[in-house]
Amino acid sequence: MSIDFAQLFSKERSSRAQPGYGRLNPEAIRLVHPDRATDCETMLRKIREPLPDIINVILALDSSAVIVDQVDALIKICPTKDEMELLKSYTGNKRMLGQCEQFFLLCAKIPRIMQKLRVFAFTTTFSNRVNNLRETLNTIKDATKEIRESTKLVAIMHTICTMGNILNEGTDQGSAEGFKLHSLEKLGDTHATNKQITLLHCLCKVIAEQTPELLDFDKDMIHLQAASMMHITSLRLDVLAISKSYNEVQQEFHASANDGGVYAQFREAMKRFLDSAGAQLPPLTSFFNEVAEDADSLVQYFAEDSSRCTWEQVVSYLVRFIAMFKKAHNQNNQWAEGGSSY
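A. Just helix H6 (residues 113-149), in detail. Over its 37 residues, H6 runs 53 Å from end to end, which matches the ideal 54 Å to within 8%, given 1.5 Å per residue. The largest bend in H6 is about 50 degrees, located at Phe-126.

B. Structural context of helix H8 (residues 199-210). Counted at 1.5 Å a residue, the expected span for H8 with its 12 residues is 16 Å, and the 16 Å between its end C-alpha atoms agrees. Turning to H8, its buried residues are Leu-199, Leu-200, His-201, Leu-203, Cys-204 and Ile-207. Taken together, the buried residues of H8 touch helix H7 (151-167) and helix H12 (311-337).

C. Just the packing of aromatic side chains, in detail. Scanning the entire structure with this criterion turns up 8 aromatic pairs. Ring plane angle 85 degrees and centroid distance 5.3 Å describe the contact between Phe-126 and Phe-273, whose orientation is recorded as edge-to-face. One end of the pair, Phe-126, is in helix H6; the other, Phe-273, is in helix H11 (residues 264-301), and 147 residues separate them in sequence. Accessibility assignment for this pair places Phe-126 and Phe-273 in one class, buried. Measuring from ring centre to ring centre gives 5.2 Å for Phe-217 and Phe-325, while their planes differ by 85 degrees; the resulting arrangement is edge-to-face. Of this pair, Phe-217 sits in the loop between H8 and helix H9 (224-227) while Phe-325 sits in helix H12, and the two are 108 residues apart along the sequence. Side by side, Phe-217 and Phe-325 carry an identical accessibility label, which is buried. Through successive ring pairs, a cluster of aromatic residues spans Phe-122, Phe-126 and Phe-273. We note Lys-116 situated over the ring of Tyr-263; from NZ or CZ to the ring centre the distance is 5.1 Å. Cation over ring: Arg-267 sits above Phe-253, and NZ or CZ is 4.1 Å from the ring centre.

D. View of the pattern of salt bridges. Using the criterion set out here, one finds 15 salt bridges in the structure. We note a salt bridge from Glu-252 to Arg-112, for which the minimum N-O separation is 2.9 Å. In this pair, Glu-252 sits in helix H10 (residues 232-255) while Arg-112 sits in the loop between helix H5 (99-108) and H6, placing the two residues 140 residues apart along the sequence. Given the relative accessible area of 3%, Glu-252 is considered buried.

Definitions and limits used
- Chains are numbered independently. Their residues run from 1 in the order of the written sequence.
- Only residues with pLDDT of 70 or above have their local features reported here, since the model is predicted, and side-chain atom pairs are shown and tallied only from 80 upward, although totals for entire chains, interfaces and linings are computed over all residues.
- Think of the side-chain values as coming from all heavy atoms in the structure, minus any hydrogens and water.
- Only DSSP runs of H or I with at least four residues qualify as helices, and only runs of E with at least two residues qualify as strands; both kinds are numbered from the N terminus onward.
- To estimate how far a helix should reach, multiply one less than its number of residues by 1.5 Å.
- The angle between axes fitted to the seven residues ending at a residue and the seven residues starting there is what we call the bend at that residue.
- For every residue, the accessible area obtained with a 1.4 Å probe (protein chains only) is divided by the maximum for its type, and the residue is called buried under 20%, exposed over 50%, and partly exposed between those limits.
- Whether two residues are in contact is decided by their heavy atoms: any pair within 4.5 Å suffices.
- Only Phe, Tyr and Trp rings are paired, with Trp represented by its six-membered ring, and only when their centres lie within 6.5 Å; those with planes under 30 degrees apart are stacked, over 60 edge-to-face, the remainder tilted.
- Here, a charge over a ring is recorded when the distance from Lys NZ or Arg CZ to the ring centre is within 6 Å and its angle to the ring normal is within 35 degrees.
- Within this document, salt bridges are pairs made up of a side-chain nitrogen of Lys or Arg and a carboxyl oxygen of Asp or Glu, the two lying within 4 Å of each other.

Here's what the structure looks like:
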């Protein structure tokens, strides 16, 4: 059952020929700043649908009938409080007002239209946002787990540490029990007498000759590359933004109690959404906290200072090290095939 807008748009017909939605009237009276009016009218021409028709499906929270981009466009051009007051103070022939002003008059008929548009935009994108967020969190969780459980990565780290101690034998650094992750990049910067050869080439050669089963250690971490594109801080902001928007829907639900019977369907749709979304938010927040704790524990796993090194940096170091390792190993193979050795 669609919402009856006869009470709201008693004089406007749902057609493109209604005042302010089709023809541009050169004699139209302008109240709004010209730049603002131009932006508004340009956006309305892009939307192309009459406002009453759009509002009808918006208040039914029917995402199948309206493109979310159209709603976003309406949010951008909704009249401000001052513009509403400006229109209210006008006592002349309203049918002579410009297209922008006519649009503002229609908006003024709907209590808190901005909030209602935001409710629609949020409710129609909620499921996709939550699903995408869960997928991203799962990728981070999987990548973190794979890194911690990779025995091959541990073996390579031990080999690196052993090589470093051999090279630094007799110095204060010759009996190190570990190293900082940023040191991985130095493997490709430490050259032998032959400037083509780096310590990373030597590492690859040692592993290829002594423990070749470690060469494909990156296959233990199949989610690492995808996870390197994600940021815990951004996801935290996403969770907070979703919770904030949910609270705004609650506020509009309570505020609309006095809007009249014509908005009963809107309130019913909001109530259904609030019940459904409200059941999903606590598990989502809990899952995020779990993943964030796992990410922090990974930093500690590598004995890094969490105040100086983030999960994102740990993942970035590993991604770059894998790329450098593969490149150096391939170069070793190419040199061997060409009869070169070191």
